[in-house]
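# Architecture at a glance
Residues per chain are reported as follows:
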Amino acid sequence: MTTDHHPGYGSGALDRAWLDVRRYVESYRWSWPAFAEWLIGVLLLTIASAILILYFLDWNKMRGPVGRYVSYRLGREVRIEGPLKVKLFSWTPSVDAGHVVIANPGWTREPHAADIGRFQASVRLMPLFGGKTIIPYVTLDKPDIVVIRDLSGRTNWDFGSSSGKPWTIPPIRRFVVRDGHVRIDDRVRKVLFEGAVSSSEQPGAGDRAFRLTGDGRLNRNKFTADVHGGPLLNVDVNKPYRFAADIHSGTTHVTADAVLPKPFHLGRFGAKASFSGASMADLYYLTGLVFPMTPPYRLSADVTREGSVYSFKNMTGVVGQSDLHGEMTAYTGQTPTFLKAVLASKQLRFVDLGPFIGAKPVETKAAAPVALRTRALPDTPLDVGRVRQMNADVQYDAASIASKDLPLREFHMHLLLDNAVMTIDPLTFDFVTGKLSGAVKVDARGAVPVSDVDARLSNIHLEQFVGGKPPPVEGVLQARAKLHAPGASVHEAASHANGAVTLVVPSGKVRKAFAELTGIDVLNGLGLLLTNDKSDADLRCALVRFDARGGTLATERFTIDTESVLIQGKGSVNLNDETVNMQVTGQPKEFRIGRVRAPITIGGTLSNPSLGIEAGQAVAQGGIAAALGFLNPIAAVLAFVDPGLAKDANCAALTANAAQGPAPVRAAKRVRH
């Protein structure tokens, strides 16, 4: 008889036991029905055991495992430090957890993203089998929520996902927040909010049954929010839900009558909204959209959201005292956000453009220091950080312009902002006759913005800027400025500008009295003024060219040739301190008696220029006259005699010279008078 031995065992009792098991297995006849019965029995036993375990489970002892499971799902540590109660055997299973803490990622210095004193929620069981989630209630007691975004764009609420998709929240029948506290620190937008949040629901209160309020400070400004709508209890996910919002942030005020086509689907909504405040730039803190500085504004629009696309249609209102209408679309799904706008005004008040380039609004009541009030060039810096956060394509047209000082008719502008490079081309002001057109490029990719300006004055009739019949000056002005300037504000850029400015008038007329006074021809000039003589002298040509170096405009050529006087000038304009230091001298072409050989001076500042006489030369001439007077009183007159030897300027060469150089101007064809 052969004895079977199990490998690894010796003979004896163990061998006999193994043989008995083997014979039992070989004698058992397996079948599929028997296997199924066995499997079902095991499953039922497992389910029954699990139900019994869950029913009698002390959930407080499961806080650690539950926290670890949720931590695994979120990719972030979650701790339940208070009591935990779970009610599973109900048609509305619920959870009640005390002191729930959601930790922050390691790159933040804050200890938690959320610290909730008590969290309660329930869910309806039967709709889950149909693929629907309905939450009867969510209650948060004393939640402390911290939202952080660093300069790289990371947020502490990413949870490993950066899809940017709008939230779709399951229907909540009752949502309550008690004594909530929220802090938002957004380093990208430089937004800091800290305040209290609460919500409640009052049965039978109509369109104010549900209410969510916020009260705090947004970038040091007082912030309040009041959002209210109909009751959540009977919300149908297939029917629109209407709500209203009233938000104040400093001087900014936003109201909205809104509707969610599908309640709790925050990716789609529509609203009739109104916006008002001291400057549209302040809307950045609420919307994340970059708008320029403006005067006080009041606008309304139909606002819709479709996923990451926000549309502002039927926009109408006023900015300063200028009307504004048009539409905008913001594509927030792109990085950076892209804004496309087509805007227009029936009438633009010219001074309302001032804040756009950093000037103070005319309506401001704040008492500024004298140095600021008298400064002509705006010194409000461009916010480079904001410019880098948005791309834009903005078209703006004004059908008419109201201006006290300039004969303007229309304004047109096309602005492109592409990865921190802003280009305005064209930028056009239409005058009654002639236009100012050009292009401006501001490169804000570096720490200090760099601007390039190429502006042209074309066919500007000088008589439209002065009154009188006949006007004291006539002619067609052509001019050009080409400047390269680093600086964050208009004033700072001007203080470092390099380039050239050229002005040319090929022909025209000028009041003879003004031409004579540049002499200074006391007898002729003052005589013409005192007798109100309005006779003209031919303006043969004029060329003025400034060379810009380091913010100083120095005269490279200053010649104005009239029929009777050749006028030449020299000097400079310092754009840093905005001072003017110019001298203008007229040399008569005919014999003159009573001429004081003293230049006319132009001094003061750009905002407050002054005219004078170079006293030194006048005194010297008077001294010569006094000395001659000792010899012969009649001889004293010789000191004030000018033989009038000045020659006509070579106007053909001057106008040809204007078409050359760093800021070339091609003069219009000379007109013979």
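Keep in mind the model is a prediction, meaning the values are calculated, not measured.

One pass over the full model with this rule turns up one disulfide. Cys541 shares a disulfide with Cys651; S-S distance 2.1 Å. Torsion about the S-S bond of the Cys541 and Cys651 cystine: about -75°, corresponding to left-handed handedness. Residue Cys541 is located in strand E27 (residues 536–549), and its partner Cys651 is located in helix H12 (residues 651–658); the two are separated by 110 residues in the primary sequence.

The next subject is the pattern of salt bridges. Going through the model one piece at a time under the given rule, you end up with 23 salt bridges. Of the charged contacts, one joins Glu110 and Arg183 as a salt bridge, the two residues approaching to 2.6 Å between their closest N and O atoms. Of the two residues, Glu110 sits in the loop between strand E3 (94–103) and strand E4 (112–122) while Arg183 sits in strand E6 (residues 175–186), which places them 73 residues apart along the sequence. By relative accessible area, which is 18% here, Arg183 ends up buried. Note that Asp443 is salt-bridged to Arg445, the shortest N-O span being 2.6 Å.

Looking now at the environment of Gly64. If you trace the backbone, Gly64 turns up in helix H3 (residues 63–74). Residue class for Gly64 comes out partly exposed when judged on its relative accessible area of 33%. With 15 residues separating them along the chain, Gly64 and Arg79 place their C-alpha atoms 7.4 Å apart.

Let us look at H12. Taken residue by residue, H12 has Cys651, Leu654, Thr655 and Ala658 as its buried positions. Seen from one end, H12 has its buried residues packed into an arc of 90°, which puts them on one side. Where H12 is buried, its residues contact strand E25 (498–505), E27 and strand E28 (552–562).

Per-residue confidence for the protein chain gives a mean pLDDT of 81; residues scoring 70 or more make up 77%. Low pLDDT, under 50, characterises residues 1–10; the predicted model gives this stretch nine contacts beyond four residues in sequence or across chains.

Across 10 bridges, strand E23 (residues 450–461) lies against strand E24 (residues 473–486) in antiparallel orientation. Each bridged residue has a counterpart across the sheet, and for Asp454 the counterpart in E24 is Lys482. The pairing of E24 with strand E26 (residues 508–511) spans three bridges and is classified as antiparallel. Residue Val473 lies in a different strand from E26, and its bridge partner there is Val510. One ladder, built from seven bridges, connects E24 with E25; its direction is antiparallel. Paired with His484 across the strands is Asn498, a residue of E25.

The description of two aromatic rings rests on the distance between their centres and on the angle between their planes. All chains considered together, the criterion is met by nine aromatic pairs. Measuring from ring centre to ring centre gives 5.9 Å for Tyr396 and Phe411, while their planes differ by 55°; the resulting arrangement is tilted. Taken together, the residues Tyr396 in strand E18 (residues 390–398) and Phe411 in strand E20 (residues 408–418) connect sequence positions 15 residues apart. On the basis of relative accessible area, Tyr396 is assigned to the buried category, the value being 9%. Aromatic rings pair up to connect Phe350, Tyr396, Phe411 and Phe429 into one cluster. Looking at Arg189, its charged tip hangs above the ring of Tyr284, at a distance of 5.5 Å from the centre. Between the NZ or CZ atom of Arg386 and the centre of the ring of Tyr285, over which it lies, the distance is 5.0 Å.

Between the first and last C-alpha of H3 there are 16 Å, a value that for 12 residues agrees with the 16 Å anticipated at 1.5 Å per step. Just downstream of H3, Gly75 is the residue with a positive phi angle, here 70°.

Turning our eyes to something else, we now look at empty space enclosed by the protein. All told, the structure shown has one cavity of 30 Å³ or more when counted by the stated rule. In this structure, the largest cavity spans a volume of roughly 110 Å³. If you trace the largest cavity, you find it lined by Phe275, Met280, Leu283, Thr287, Leu289, Phe291, Leu299, Ser300, Ala301, Phe312, Met315 and Met328.

We now examine a nonpolar patch on the surface. Together, Trp91, Met126 and Phe129 make up an exposed nonpolar region whose accessible area comes to about 440 Å². Following the sequence through the fold, Met126 ends up in helix H4 (residues 126–129).

Relative to strand E14 (residues 309–319), strand E13 (residues 297–306) is paired through nine bridges, and the arrangement is antiparallel. Note on E14: the bridge partner recorded for Tyr297 is Val319. Linking E13 back to E14 in an antiparallel pair, the connection comprises two residues, with Gly307 at a positive phi of about 65°. Where E14 folds back on strand E15 (residues 322–331), the antiparallel hairpin that results is connected by two residues, among which Gly320 adopts a positive phi of roughly 65°.

Rules of the game
- Residues numbered from 1 in each chain as written.
- Predicted model: local features only at pLDDT ≥ 70, side-chain atom pairs only at ≥ 80, totals over all residues.
- Heavy atoms only, no water.
- Disulfide = S-S within 2.5 Å.
- Helix = DSSP H or I, 4+ residues; strand = E, 2+ residues; numbered from the N terminus.
- Salt bridge = Lys/Arg side-chain N within 4 Å of Asp/Glu carboxyl O.
- Buried < 20%, exposed > 50% of the residue type's maximum accessible area, 1.4 Å probe, protein only.
- Arc of directions from axis to C-beta.
- Contact = heavy atoms within 4.5 Å.
- pLDDT = per-residue confidence, 0-100.
- Pairing = 2+ DSSP bridges.
- Phe/Tyr/Trp six-rings, centres within 6.5 Å; stacked < 30°, edge-to-face > 60°.
- Lys NZ or Arg CZ within 6 Å of the ring centre and 35° of its normal.
- Expected span 1.5 Å × (residues − 1).
- 1 Å grid on protein atoms, 1.4 Å probe; cavity = no way out; pocket = protein on both sides within 12 Å on 5 of 7 lines; lining within 4 Å.
- Points joined across faces, edges and corners; volume = space filled by probe spheres on them.
- Patch = residues over 30% accessible without salt bridge, like charges linked within 9 Å, V, L, I, M, F, W, Y side chains within 5 Å.
- Areas by Shrake-Rupley, 256 points an atom, 1.4 Å probe, with all protein chains shown as cover.

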